[in-house]
Amino acid sequence: VSISDVDGFVQLNQYQLKTEIGKGSYGIVKLAYNEEEDFNYAMKILSKKRLMKKAGFCRRPPARDGKPVTHPPNPLERVYREIAILKKLDHPNIVRLIEVLDDPEEDNLYMVFELLEKGEVLEVPTPTPLSEDMAWKYFRDIIVGIEYLHYQKIIHRDIKPSNLLLGDDGHVKIADFGVSNEFTGTDISLTSTAGTPAFSAPETLKDGKEEFLGKALDIWAMGITLYSLVYGQVPFPPKDDYIMGLHRRILNDPVTFPSVPTLSEQMKDLIVKMLEKDPNNRILLSDIKEHPWVTK
Ligand SMILES: COc1ccc(C(=O)/C=C\Nc2cc(OC)c(C(=O)O)cc2Cl)cc1
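Draft legend 1. Geometry of the sheet that holds strand β8 (residues 119-120). One open sheet accounts for 3 strands, arranged β8-β10-β11; its pairing is antiparallel. Edge positions in the sheet fall to β8 and β11 (172-174), since each has one partner strand and no second. Sheet analysis places strand β10 (residues 164-166) next to β11, joined by 3 bridges and oriented antiparallel. From the neighbouring strand, Leu166 faces β11, where its bridge partner is Val172. Along the sheet, helix α3 (residues 132-151) makes contact with β10 and β11, crossing β11 at roughly 30 degrees.

Draft legend 2. Spotlight on the side chain of Asn93. Assignment of secondary structure puts Asn93 in the loop between α2 (75-88) and β6 (97-102). In this structure the side chain of Asn93 is engaged in a polar contact, spanning 2.9 Å, whose partner is the backbone oxygen of Val172. In this structure, Asn93 is in contact with Asp141, Val144, Gly145, Val172, Lys173 and Ile174, ignoring residues within four places of it in sequence.

Draft legend 3. Looking closely at the site of the ligand. Lining the immediate environment of the ligand, one finds 15 residues, of which Ile21, Tyr26, Lys44, Leu116 and Asp176 sit closest. Glu82 has a polar side-chain atom sitting 3.4 Å from an oxygen atom of the ligand. The backbone of Glu117 places a nitrogen or oxygen atom 3.3 Å from an oxygen atom of the ligand. Across the complex, the protein chains shield 85% of the 570 Å² of accessible surface that the ligand would expose by itself. Here the ligand occupies the largest pocket.

Draft legend 4. Inspection of the packing of aromatic side chains at higher detail. What the rule picks out here adds up to 7 aromatic pairs. Aromatic pair Tyr15 and Tyr41: ring centres 5.9 Å apart, planes at 90 degrees, arrangement edge-to-face. Of this pair, Tyr15 sits in strand β3 (residues 15-24) while Tyr41 sits in strand β5 (residues 39-47), placing them 26 residues apart in sequence. According to the relative accessible area criterion, Tyr41 is buried, its value standing at 8%. Between Phe139 and Trp293, the aromatic rings sit 6.1 Å apart at their centres with planes inclined by 50 degrees, giving tilted as the arrangement. Taken together, the residues span a long stretch of sequence, with Phe139 in helix α3 and Trp293 in helix α8 (residues 292-295) at a distance of 154 residues. Owing to a relative accessible area of 1%, Phe139 belongs among the buried residues under this scheme. Chaining the aromatic ring pairs together yields one cluster made of Tyr15, Phe39 and Tyr41. It is Lys44 that lies over the ring of Tyr26; its NZ or CZ is 4.8 Å from the centre.

Draft legend 5. Looking closely at the sheet that holds strand β2 (residues 9-12). Pairing within the open sheet is antiparallel, and its 7 strands lie in the order β1-β2-β3-β4-β5-β7-β6. The outermost strands of the open sheet, each flanked by one partner alone, are β1 (3-6) and β6. When the angles between neighbouring strand axes are averaged without regard to direction, this sheet yields 30 degrees. Bridge count for β5 against strand β7 (residues 108-114) is 7 bridges, and the pairing is antiparallel. Bridging across to β7, Lys44 finds its partner in Met111. Sitting on the sheet, α2 is in contact with β5, β6 and β7, with an inclination near 20 degrees to β7.

Draft legend 6. Here's a closer look at the pattern of salt bridges. This structure, assessed with the given rule, holds 13 salt bridges. A salt bridge links Lys44 to Asp176, with the shortest nitrogen-to-oxygen separation between them at 3.8 Å. Residue Lys44 is found in strand β5, and its partner Asp176 is found in the loop between β11 and β12 (181-182); the two are separated by 132 residues along the sequence. For Lys44, a relative accessible area of 6% corresponds to the buried category. The residue Glu132 makes a salt bridge to Lys296 at a minimum N-O spacing of 4.0 Å. Taken as a pair, Glu132 in helix α3 and Lys296 in the segment after α8 lie far apart in primary sequence, 164 residues in all. Residue classification places Glu132 among the buried residues on the basis of a relative accessible area of 14%.

How each quantity is defined
Residues numbered from 1 in each chain as written. Predicted model: local features only at pLDDT ≥ 70, side-chain atom pairs only at ≥ 80, totals over all residues. Heavy atoms only, no water. Pairing = 2+ DSSP bridges. Helix = DSSP H or I, 4+ residues; strand = E, 2+ residues; numbered from the N terminus. Contact = heavy atoms within 4.5 Å. Axes fitted to C-alpha atoms, helices over the stretch in contact; angles between N-to-C directions. Polar contact = N/O pair within 3.5 Å; in protein donor to acceptor, adjacent residues only side chain to side chain. Near = heavy atom within 4 Å. Areas by Shrake-Rupley, 256 points an atom, 1.4 Å probe, with all protein chains shown as cover. 1 Å grid on protein atoms, 1.4 Å probe; cavity = no way out; pocket = protein on both sides within 12 Å on 5 of 7 lines; lining within 4 Å. Sits in = over half its atoms within 2 Å of the grid points. Phe/Tyr/Trp six-rings, centres within 6.5 Å; stacked < 30°, edge-to-face > 60°. Buried < 20%, exposed > 50% of the residue type's maximum accessible area, 1.4 Å probe, protein only. Lys NZ or Arg CZ within 6 Å of the ring centre and 35° of its normal. Salt bridge = Lys/Arg side-chain N within 4 Å of Asp/Glu carboxyl O.

Printed below as a string of structure tokens:
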């Protein structure tokens, strides 16, 4: 990877890095202009050092006093697993990874993605949410994208509006596989919590270490997402810093619908079925596809 940074003009191989267009716990995303193709891309920039630190790799390992040394998963393996997942995905509703620039000598790892010009489908919270019809259009893309992921034996685990990107063609693509899980068989049994608290399914928040199934987690997050697209706010908003309050509400409170905007009973019916607290009673993707609001 040849980098030239002359007075802030950063050139990475054939890419000229431009403005920052995205930012998150993962790192940043910059607009990248490919001069050979005269074409723009989205460049996700990860710092390996930051990833190692986040995984607490810099602290001295505790004295093992004779116990066998277990090698904890290297956080870079996490990124390389995300890249391996992205490389095998090829679908109109999944963001497309073009190439990875990873110079072992360099701290940064660069992931080049197709640019989805309109960015996030909706910034939540917002006083100006989507109309029911726009939400319907985008939700149908999300259903098809999630169906493809589950068919490829992948649980996304962080479905939320900021990971749904909108292209110029008006279609939505699912992004960010940073916490996704691959499975074999028909589903995966998990015990780890991952993703964004306000989008976490109740079964992941229970005290006991019971296991829970992966696919139902994405269905729950789809419900929280659909609600937030039309109401501009998640049904269980994180109140300041008291996270246990959020967990209690997700576990116990029924979903309530504001009186404004007025939305169809069918849409509310679908949201209620996706936000069923008991994962065994939660609507399945195959049933969502048949739901009257989706097929209308
Ligand atoms: C206003 O115009 C805008 C156009 C495009 C963007 C944008 O692309 C933002 C994030 N992008 C991404 C993030 C990802 O993860 C967190 C992944 C991934 O890892 O799958 C891929 C992409 Cl592309 C923003 C504003």
